[in-house]
Amino acid sequence: MKKYIIGFLFIIGCSIKVSAQQSPVTNFNGDWQFVKDIDTANAAKKLSNKITTGVTWEKVMLPHTAHIEPVQKVKEQWQGTCYYRKYFTVPLTTKDKYIALQFDGAMHEADVYLNGKHVYKHLGGFLPFCIDISNAVVLGKPNCLLIKLNNQDSPVIPPAKPIKDLDFNYYGGIYRNAWLIVKNKLHISDAVEAHREAAGGIMLHYEDVSDASAKMIVKTDVDNDGTAPQNMSVKLSLMDAKGNLVANTTSLPVTIKHNGITEQSLTISNPKLWSPEVPYLYTLKVQVLRDGAVVDEQTLRTGIKTFKFQADGFYLNGKKLMIRGTNRHQEYPYIGYALSDNAQYRDAYKIKSAGFNFVRCSHYPPSPAFLDACDELGVMIMDAIPGWQFFGNNEFQHNSYQTIRDMIHRDRNHTSVVLWEASLNETNMSKAFMDSSARIVHHELPYKDVFSSGWQDYAYDVFNPARQHLKKPDYWKKYSKDKPLLLAEYGDWEYYALNAGFNQKEYSDLTKEEKSSRQIRDYGEERLLQQALNFQEAHNDDLNGRIIGDANWLMFDYKRGYASDLEMSGIMDIFRIPKFSFYFYQSQVDADKSQPMLFIATYWYNSSDNNVKIFSNCDEVELKLNGKLIARQKPDTGRNDNNLVHPPFTFHVPQYEAGTLVATGFIGGKQVVASKVSTPIKSNKIVLKADLSGKALKAGCKDAIFVYAYITDKNGTTFPDAGFPIRFSVTGPAEIIGKTVNSADAGIAPIMVMAGGKAGRIVVKAECDGLFPAELTIDSQ
């Protein structure tokens, strides 16, 4: 049973004692103890004792990171061994039940001990594992669960490349949710742990989809862990978004000894189809019946769609759709990978808000909560296995194959997933490996319109190289094979080290810093404009070729193992503050598919360029300075504009004059949007804003948000060159994670605020010498 299943009561902050009346799936995130970097022989045996001399346990809640990391790396990220311990009691009334523990993500070598005995080992940090403890747990008494985790380099655990040479980090800890499962012996199997090809759990797909009807095919894999054969049937109920019953069916009873698979179909009349513009979701309830009574039940959301990748384009619901994509690393500052479900949603919300309809999960499977959000928001997914510039031995390859299977079993019912990147990114894989990995995708999903992808043009259904992989500049423009071509990365490396290939340590052809796409907000207006121009130029040039879409590198800044600085080519920084490039992409969505938008890409400061760039999806823009008309004009028509849906507008202001620029956007001659930028007068005060991005701050689940302190003049205009240190404090049920004193970058200083265990009123304060302080009230729920 997976985190994305809904319909049960998930109890946040599970108490030590488990009630027999609780839901079959209980949140297991609360009441953990944690310790790391201890040196003791027979640690598992000793730490399973309630009294552990010389060991100081920290009380923690999941999701949890093993180490709070600085934003700018001052030394190598923490790697080592850590331990999580939890005492829990399962009541006597659960006798003859199936009892299991599930962990959605633990990095990356896990040894699990129950009451001092080793019961499970798992390799891999990005996918779930489920442990059947039915015969190991002691009922009615406290049980000691101990998990030993190690995130040190391993040549057999993908991605396997040592962190010091890796283009991202993998942070230690149980960084995703944990669950306690107590169910009937007759129950729906776990999709991953069943280890059955094209089976396990619930597996659904659609056939014969049209505007008039659609056929849903559902396979339900049921385990019988009892000693006697059981009679069972499966009932399917499909509800629309309002909860109205759309279709239902019940299978004929069958008798199963150990395992049985039931395949059923539902016909949906006049289906509402899922798309990025209208991400309509139905709810499917699957119930296992014994003698007419429900003994197990799972609920999941699903969208109905048709899609296919062809050489001439990507087609969704019969219509050609250009993929506008980005890449995303799941890292947050300080807490690494230990994001709450709400934080995962907020990232998806920002991707959607930036105008993208597609995200490549680089370079590993994301959180189930992120996939849930993409289903709901309408963002298509390329799901990827862990890998980057490393090809290991047979054991490594075996583990990679298993990762493909596990990823598909976990994620196959997510409507947003359209591509399976079963390829090790930027890795010289053997042909045998590529053949096998592509074949696994189709064996696990044995129906039409299933697509694997890979960065090499060999065995995969979709060819997804990066621009820099194509050594000849016009290669993708002349690509004529009968295969879909998706440029999975662009806009960064080709502007950074043009001919350095894959050797990240040799920068013989490094371009000037000012021309790179790796720019932080503090570098100033000119360099942020350069980053935006790089992305514009590359994206426009991509469209000169026969591509089905492209994905920029990348959405958010992040940290890397092989370098001490941030990878800064994100269109938002690591604290999720937009750069100018964010608004370029936002402007590439038609107003009738989102909303009219207009962004003036200048601070209008004494050092600003007289050529003012405006990003907008309008067909005409008017610009005024201090009430005087500069011009009213159409979009640009230069060599970097000819393929864009909405080219920028460039206005020449004859002479700089402090004051206010006002831009007004028109569509079909009608004014639809306006924006302004003013020259700041004198630093005067702090203004605080919270980034909720569609989800309120939630208590009791380690939810964290960013709060930004803007240094402004008396009118609220931000000072783009202000770098003052801001002192933050918080009162109420919350805490600041990381530094409490942060210097502003480009006039904005961020902090991370994490909600406590109980809901309530939180007050954030910000102070700086010489400025009026600010307070912000946030109510956690």
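Quick look at the structure, then. (Residues numbered from 1 in each chain as written. Predicted model: local features only at pLDDT ≥ 70, side-chain atom pairs only at ≥ 80, totals over all residues. Heavy atoms only, no water.)

1. Here's the deal with the overall build of the protein chain
Okay, step 1: From N to C terminus, the protein chain includes 7 helices and 49 strands.
Okay, step 2: Relative to its length of 781 residues, the protein chain is compact, with a C-alpha radius of gyration of 27 Å against a globular reference of 28 Å.
Okay, step 3: Overall, the protein chain is about 85 × 60 × 55 Å in size when its C-alpha atoms are taken along their principal axes.
Okay, step 4: When the 781 residues of the protein chain are sorted by exposure, 62% land in the buried category.
Okay, step 5: Across the protein chain, contacts joining residues at least 24 apart in sequence account for 69% of those joining residues at least 6 apart. (Helix = DSSP H or I, 4+ residues; strand = E, 2+ residues; numbered from the N terminus. Rg over C-alpha atoms; globule rule 2.2 N^0.38 Å. Buried < 20%, exposed > 50% of the residue type's maximum accessible area, 1.4 Å probe, protein only. Contact = heavy atoms within 4.5 Å.)

2. Topic: the packing of helix H4 (residues 394–411) against helix H5 (residues 431–444)
Okay, step 1: Running from N to C, H4 and H5 cross one another at 25 degrees; their axes reach a closest spacing of 10 Å. Taken together, the axes of H4 and H5 lie roughly parallel to each other. When you trace H4 past H5, the crossing you get is right-handed. Facing Gln397, Ser400, Tyr401, Ile404, Arg405, Ile408 and His409 of H4, the residues of H5 in contact are Ala432, Phe433, Ser436, Ser437, Ile440, Val441 and Glu444.
Okay, step 2: Looking at side-chain class alone, the contact of H4 with H5 contains 7 nonpolar, 5 polar and 2 charged residues. (Axes fitted to C-alpha atoms, helices over the stretch in contact; angles between N-to-C directions. Parallel < 35°, antiparallel > 145°, perpendicular 65-115°, else oblique. Left-handed = near helix turned anticlockwise from the far one by under 90°. Nonpolar A, V, L, I, M, F, W, Y, C, P; charged D, E, K, R; others polar.)

3. Thoughts on the packing of aromatic side chains
Okay, step 1: In total, this model carries 39 aromatic pairs according to the counting rule given.
Okay, step 2: Seen from their ring centres, Phe307 and Phe309 are 6.4 Å apart, and the 90 degrees between their planes marks the pair as edge-to-face.
Okay, step 3: When its relative accessible area of 6% is taken as the criterion, Phe309 is described as buried.
Okay, step 4: Seen in terms of ring centroids, Trp388 and Tyr562 are 6.4 Å apart; in terms of plane orientation they differ by 10 degrees. Their pairing is stacked. (Phe/Tyr/Trp six-rings, centres within 6.5 Å; stacked < 30°, edge-to-face > 60°.)

4. Considering the sheet that holds strand S41 (residues 670–678)
Okay, step 1: Across the sheet, 4 strands lie side by side as S38-S37-S40-S41; this open sheet has antiparallel pairing. The open sheet terminates on both sides in strands that have one partner only, identified here as strand S38 (628–633) and S41. The sheet shows a mean angle of 15 degrees between the axes of neighbouring strands, direction not considered.
Okay, step 2: As paired strands, strand S40 (residues 660–667) and S41 are joined by 8 bridges and run antiparallel to one another. Opposite Phe666, over in S41, you have Gln671 as the bridge partner. (Pairing = 2+ DSSP bridges.)

5. Overview of the sheet that holds strand S44 (residues 725–731)
Okay, step 1: Strands sit in the order S46-S44-S48-S49 across an open sheet of 4 strands; the sheet is antiparallel. Strands at the two margins of the open sheet, each flanked by one partner only, are strand S46 (741–743) and strand S49 (774–780). Taking each pair of neighbouring strands and ignoring which way they run, the sheet shows an average axis angle of 25 degrees.
Okay, step 2: Two elements, strand S48 (residues 760–767) and S49, share 7 bridges in a ladder whose sense is antiparallel. Of the residues in S49, the one forming a bridge with Lys765 is Glu775.

6. Quick word on the pairing of strand S47 (residues 748–755)
Okay, step 1: When you tally the buried positions in S47, you get 8 out of 8 residues, the bulk of the element.
Okay, step 2: Burial along S47 is two-sided: the residues Ile748, Pro750, Met752 and Met754 and Ala749, Ile751, Val753 and Ala755 are all buried.
Okay, step 3: With 7 bridges joining them, strand S43 (residues 704–712) and S47 adopt antiparallel strand pairing. If you follow Ile705 over to S47, its bridge partner there is Val753.
Okay, step 4: In the sheet, strand S45 (residues 734–737) pairs with S47 via 4 bridges, with the strands oriented antiparallel. The residue of S47 that forms the bridge with Ile737 is Met752.

7. As for the packing of helix H2 (residues 341–353) against helix H3 (residues 368–377)
Okay, step 1: For the pair H2 and H3, interaxial distance at closest approach is 8 Å and the crossing angle is 40 degrees. Classified by the angle their axes make, H2 and H3 are oblique. Handedness of the crossing formed by H2 with H3: right-handed. Facing H2, whose interface residues are Asp341, Gln344, Tyr345, Asp347, Ala348, Tyr349, Ile351 and Lys352, H3 presents Ala369, Phe370, Ala373, Cys374, Glu376 and Leu377.
Okay, step 2: Counted by class, the contact of H2 with H3 contains 9 nonpolar, 1 polar and 4 charged residues.

8. Points about the state of the cysteines
Okay, step 1: Following the criterion strictly, the structure yields 0 disulfides and no others.
Okay, step 2: Of all cysteine sulfurs in the structure, the one in Cys374 sits closest to Cys361, which takes part in no disulfide; the separation is 6.8 Å.
Okay, step 3: On the basis of relative accessible area, Cys361 is assigned to the buried category, the value being 3%. (Disulfide = S-S within 2.5 Å.)

9. Thoughts on the layout of surface pockets
Okay, step 1: Of the volumes computed, that of the largest pocket is approximately 960 Å³.
Okay, step 2: Tyr583, Phe599, Tyr710, Thr718 and Ile748 are, among the 36 residues lining the largest pocket, the residues nearest its centre.
Okay, step 3: Counting residues per element, the ones that place at least two in the lining of the largest pocket are H2, helix H7 (580–586), strand S35 (598–600), S41, strand S42 (685–691) and S43.
Okay, step 4: Looking at the lining of the largest pocket, its residues break down into 21 nonpolar, 9 polar and 6 charged. (1 Å grid on protein atoms, 1.4 Å probe; cavity = no way out; pocket = protein on both sides within 12 Å on 5 of 7 lines; lining within 4 Å. Points joined across faces, edges and corners; volume = space filled by probe spheres on them.)

10. Focus on H5
One turn of the α-helix equals 3.6 residues, which is why residues spaced by three or four share an orientation.
Okay, step 1: Here H5 contains 14 residues, and its C-alpha end-to-end distance of 20 Å stays within 8% of the 20 Å for a straight helix at 1.5 Å per residue.
Okay, step 2: Packed against the buried residues of H5 are strand S14 (202–207), H4, strand S28 (417–421) and strand S29 (452–454). (Expected span 1.5 Å × (residues − 1).)

11. Some words on unusual backbone geometry
Okay, step 1: For the peptide bond that leads from Pro158 to Pro159, omega is 15 degrees, which places it in the cis range.
Okay, step 2: Relative to the assigned elements, Pro159 resides in the loop between strand S10 (142–150) and strand S11 (173–174).
Okay, step 3: Although it is not a glycine, Glu426 sits at a positive phi angle of roughly 55 degrees.
Okay, step 4: Here Glu426 is to be found in the loop between S28 and H5.
Okay, step 5: The class of Glu426 is buried, set by a relative accessible area of 6%.
Okay, step 6: Positive phi outside glycine occurs at Ser693, with the angle close to 45 degrees.

12. Things to note about H3
Okay, step 1: H3 sits mainly inside the fold: 9 of its 10 residues count as buried.
Okay, step 2: Among all positions of H3, only Pro368, Ala369, Phe370, Leu371, Asp372, Ala373, Cys374, Asp375 and Leu377 are buried.
Okay, step 3: Two to three positions downstream of the cap, the backbone nitrogen of Ala369 sits 3.0 Å from a side-chain oxygen, assigning the N-cap of H3 to Ser367.
Okay, step 4: Looking at the residues trailing H3, positive phi occurs at Gly378, about 90 degrees. (Polar contact = N/O pair within 3.5 Å; in protein donor to acceptor, adjacent residues only side chain to side chain.)

13. So, the pairing of strand S36 (residues 611–616)
Okay, step 1: For S36, the buried fraction is high: 5 of the 6 residues fall into the buried class.
Okay, step 2: As defined by bridge partners, S35 adjoins S36 across 3 bridges and the pair is classed as antiparallel. The residue bridging Phe599 from the neighbouring strand is Phe615, located in S36.
Okay, step 3: Where S36 meets strand S39 (residues 649–652), 4 bridges bridge the pair, whose relative direction is antiparallel. Bridged to Lys613 within S39 is Thr650.

14. As for the nonpolar core
One recurring pattern in soluble globular proteins: nonpolar side chains tend to sit buried together.
Okay, step 1: Core analysis: the biggest nonpolar cluster contains 59 residues, and Phe370, Ile381, Trp420, Met555 and Ile571 have the highest contact counts within it.
Okay, step 2: Elements with a contribution of two residues or more to this core: H2, strand S26 (358–361), H3, H4, S28, H5, helix H6 (525–542) and H7.
Okay, step 3: Those residues in contact with Trp420 that sit more than four places away from it in its chain are Asp383, Met407, Ile408, Asp411, Arg412, Val441, Leu445, Val450, Phe451, Ser452 and Ser453.
Okay, step 4: By size, the runner-up hydrophobic cluster in this structure holds 30 residues, among which are Tyr84, Phe88, Leu145 and Ala178. (Core = buried A, V, L, I, M, F, W, Y, C linked by side-chain atoms within 4.5 Å.)

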